[in-house]
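# Understanding the architecture of this molecule
Listed below are the residues making up each chain.
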Amino acid sequence: MALLLPFIEFKPNRVAEGDPFHLWHLGLTWEPWLLAAIVTAALLLALSGEGPRVRAAKVAVGSALFAAALLVALRAGAILVTEATPFGRVGPIGGFWISALASFLIVEGSLRTASWNPMIKGAIRVLPLAIAAGALASGALDSFAMVQEYINRADRFSQELTTHLRLAAFAVMAAVVIGVPLGIVAWKRRLLERPVFTLVNTIQTVPSLALFGLMIAPLALLSRQFPLLRAIGVQGIGAAPALIALTLYALLPIVRNTYTSLSVIPNAVIEAGNGMGMSRRQLLRFVEAPLSVPIILSGIRTSVVQAIGNTTVAALIGAGGLGVFVFQGLGQAAPDLIVMGVIPIILLAVLIDRGMALLIGLVTPPGLRKDTL
Amino acid sequence: MIEFSCVTKHYGDITAVDSVSFSVEDGQVCVLIGPSGCGKTTTLKMVNRMLDASSGEISINGRNVSELAAEQLRRGIGYVIQSVGLLPHMNVRDNIAIVQRLKRVDRRQRYRRADDLLELIGLDPEQYRLKHPHELSGGEAQRIGVARALAADPPILLMDEPFGAVDPLNREVLQTEFLRLQRALKKTVLFVTHDLDEAIRLGDTIILMKDGQIVQHDSPERILAAPRNQFVRDFVGADRALKRLSCFPVEGYIREAQQIADQDAASFSNGGRGPDSVVWVYGADRALVGMLQRSPSGYKVITLKPEEVGVVPLSSMKEALSRLLGQGIRAVPVLDQRNCVVGEIRLPDIEELNQAAL
């Protein structure tokens, strides 16, 4: 498939229809053959059973597959975009993406069962990103449509990236400040458990676009009524409604995990703690906190990743963020611009997710690690 | 000494404990027993103020517990519960040392104490101190629970059905362990159970409760021999003769045993002894491996598993009898910690003990 589908497309300018090229019609000499050889090797490996050696070979071939696909795309870009087509640009399509996906599946599938040092595993996983980043930094990818879009907006990009991160971070912090006590209250006071969960669950079911929209009217009203609020920047559109909506979205995982973390502490442990003469504070320090913090953190992890995604929509009500590019791209029928906005969002989400996983691993006491991993 | 005088506990309209008075002497084990809902656990929990009495007075060495700060009081009383409640995120050593940590004893001293306690309860510190609760069996976890209660060396122990969740075989082992510890440590123990055999075996005195009141407070032998009323008679059951055997540790009835090394077994000749006597066979490290049995062609060795046939000096005579009947042999070997035979228990002695009561 990787070899048969069109591999790359050429557009004479930004909005023109793309012209698909097959791997073999690009006018390249040896590069397609290299790719074909690697694909063949991968197929052979797939048939050759299990074992540590096969696994290592799979990882090597899988990584090589991505590198080769990228190389072909680079070379193709250099050939297709010439002086004669100053606004021309290339974009990877079917064949390239299937190669990249296959590379990911082969490498990840083999790593999952391998018992190697986590550091080495991590390095292998980061390698394709590093290669892509290297290619990007060297300017070799400049003929690519996405990169073209980026180059035209470099300043704007870093500004919106910061806005995006700031919105998501503040929203999650606010959600922690509200959500953790809410979870505790829901656990301690049985009467409040249902209303609290009904509320946060309901919020979660409101489509994000609608929630952002719903914020506009009441906040605009407040802002008109109270000059003080207006002075600190509260308006119907912009950062304030976005923050509120994002915070509301971030609540559910935090409230739910806080509640769960308390409910899974065995009664016997609490009774033993009391019976040994722990004060309220000591019970929190020696029993409740160590047992519940990892679970609460994994709720925050879910919230952050969600918030990074949801913040995209915040651009619609003028709060900024990487969503700006996505909606610009939608408006201008420029898919490459959309992709340029979406890829950093995905990368951010994945990065933060891994980072949180690492942190959770660190704060989980050794005796509990078995159940959580 | 723990003293209850006219202690009552109400839950709303329900009276869980009704004007109960008794005392437990220093170094004695007092067992609270009765049907569920009789108030035995409530009684126990009022001592360390996990529950507060509605009226009446509980005192420890003359000091009224309601005048002491609950946390301080509890740190001076060992507390063992059926579900153990080890802190799952801490290793065995930190679990044992937790009360001392609350008391701000420094770490080196705490850890040394934890190792000592592991030795005391018969678990190898090297092997166990860094384990986590999920790696322990039920019996091991309960032992650690006892070690934790003993860590700060409290004079008083409260034990709330500590062996109730352990399988019967392990329960007997833990009871024996408890008797051994109690002999060495002489704690003042209040012990709740619903298992009469356990009460008879472990208790210096037994308090039988019903509907929040004490029905009979007596020594195990007296409870069995002289039940005060029909309720006690029913509770004790028809097999009280058998139960009574639980009162007696086998150590008082050990007879000398005849034993022989396994390499000499082939050339054994019954040197004029009665045909019914048992000859135990030991292996290289003097540990029991089997017994000799007469066959038409002389004697042959039957292999035995020490842990299945043997008892220890602190086992009860009831256990010895059940091993006798279970294995279908004439005597039960009494073993030391290395499974060496130190003597035997014979059926006639058990019968005689039983006759004496009737």
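Residues numbered from 1 in each chain as written. Chains lettered and ligands numbered in written order. Predicted model: local features only at pLDDT ≥ 70, side-chain atom pairs only at ≥ 80, totals over all residues. Heavy atoms only, no water.

## Describing helix H11 (residues 267–275) of chain A
Note the following rule: Under the scheme applied here, a residue whose accessible area is under 20% of the maximum for its type counts as buried, over 50% as exposed, and between as partly exposed, the area being computed with a 1.4 Å probe on protein chains only. By the criteria applied, helices consist of DSSP H or I runs no shorter than four residues and strands consist of E runs no shorter than two, each listed in order from the N terminus. In this description, contact between two residues means that some pair of their heavy atoms is separated by no more than 4.5 Å.
By the burial criterion, the buried members of H11 of chain A are Ala-268, Val-269, Glu-271, Ala-272, Gly-273 and Gly-275 of chain A. As for H11 of chain A, its buried residues are in contact with helix H12 (280–314) of chain A together with helix H1 (40–47), helix H2 (70–75), strand S6 (77–81) and helix H7 (138–150) of chain B.

## Some thoughts on a nonpolar patch on the surface
All names here are of chain A. As a reminder of what qualifies: A patch consists of residues exposed above 30% relative accessible area that lack any salt bridge, with like charges linked at up to 9 Å and nonpolar side chains (Val, Leu, Ile, Met, Phe, Trp, Tyr) linked at up to 5 Å. Accessible surface area values rest on a Shrake-Rupley calculation with a 1.4 Å probe, where residue burial reflects the displayed protein chains alone. In what follows, salt bridge is the name for a side-chain nitrogen of Lys or Arg lying within 4 Å of a carboxyl oxygen of Asp or Glu.
Together, Val-126, Leu-129, Val-339, Ile-343 and Leu-347 make up an exposed nonpolar region whose accessible area comes to about 370 Å². Only helix H4 (118–138) and helix H14 (335–363) provide two or more residues apiece to the nonpolar patch. When residues in the nonpolar patch are grouped by element, the largest group, three residues, is from H14. Relative to the elements of secondary structure, Leu-129 occurs in helix H4.

## A word on the sheet that holds strand S2 (residues 14–24) of chain B
Residue and element names in this part refer to chain B. Our working definition: The criterion for strand pairing is that DSSP finds at least two bridges linking the strands in question. Simply put, an axis is a line fit to the C-alpha atoms, just over the touching stretch for a helix, and the angle between two N-to-C directions goes from 0 to 180 degrees.
Read from one edge of the open sheet, four strands run S2-S1-S4-S5, paired in antiparallel fashion. Of all strands in the sheet, those bounded by a partner on one side alone are S2 and strand S5 (63–64). Pairing of strand S4 (residues 55–60) with S5, which is carried by two bridges, proceeds in the antiparallel orientation. For Ser-59, the partnering residue across the bridge sits in S5 and is Asn-64. Along the sheet, H1 contacts strand S1 (2–11), S2 and S4; its crossing angle with S1, the most-contacted strand, is approximately 120°.

## Let's talk about unusual backbone geometry
The general pattern is negative phi for most residues beyond glycine and trans for most peptide bonds. Residues and elements named next belong to chain B. The phi torsion at Asp-211 lies on the positive side, around 50°, for a residue other than glycine. Its place among the elements puts Asp-211 in the loop between strand S9 (205–210) and strand S10 (213–218). Positive phi, close to 65°, is recorded for Asn-339, a residue that is not glycine. The topology assignment puts Asn-339 in the loop between strand S15 (331–335) and strand S16 (341–346).

## Comments concerning the domain arrangement of chain A
All names here are of chain A. Short version of the rule: Domain borders in the structure are assigned automatically or taken from a domain database. The term buried area denotes the loss of accessible surface (1.4 Å probe radius) that occurs when two parts are joined, taken as the sum for both partners. Each polar contact in these results corresponds to two N or O atoms within 3.5 Å; when the atoms are within protein, one needs to be able to donate a hydrogen and the other to accept it, and residues that are neighboring in sequence are counted only if both atoms are side-chain atoms.
According to the domain assignment, chain A contains domain 1 (6–151) and domain 2 (154–368). For domain 1 and domain 2, the distance between their C-alpha centres works out to 35 Å. Each partner contributes residues to the interface: domain 1 has nine residues there, and domain 2 has twelve residues. Summed over both sides, the interface between domain 1 and domain 2 buries roughly 910 Å², with carbon and sulfur atoms accounting for 64% of that surface. Counting across the interface, domain 1 meets domain 2 through zero salt bridges. Linking domain 1 to domain 2 there are zero residue pairs in polar contact (both at pLDDT 80 or more).

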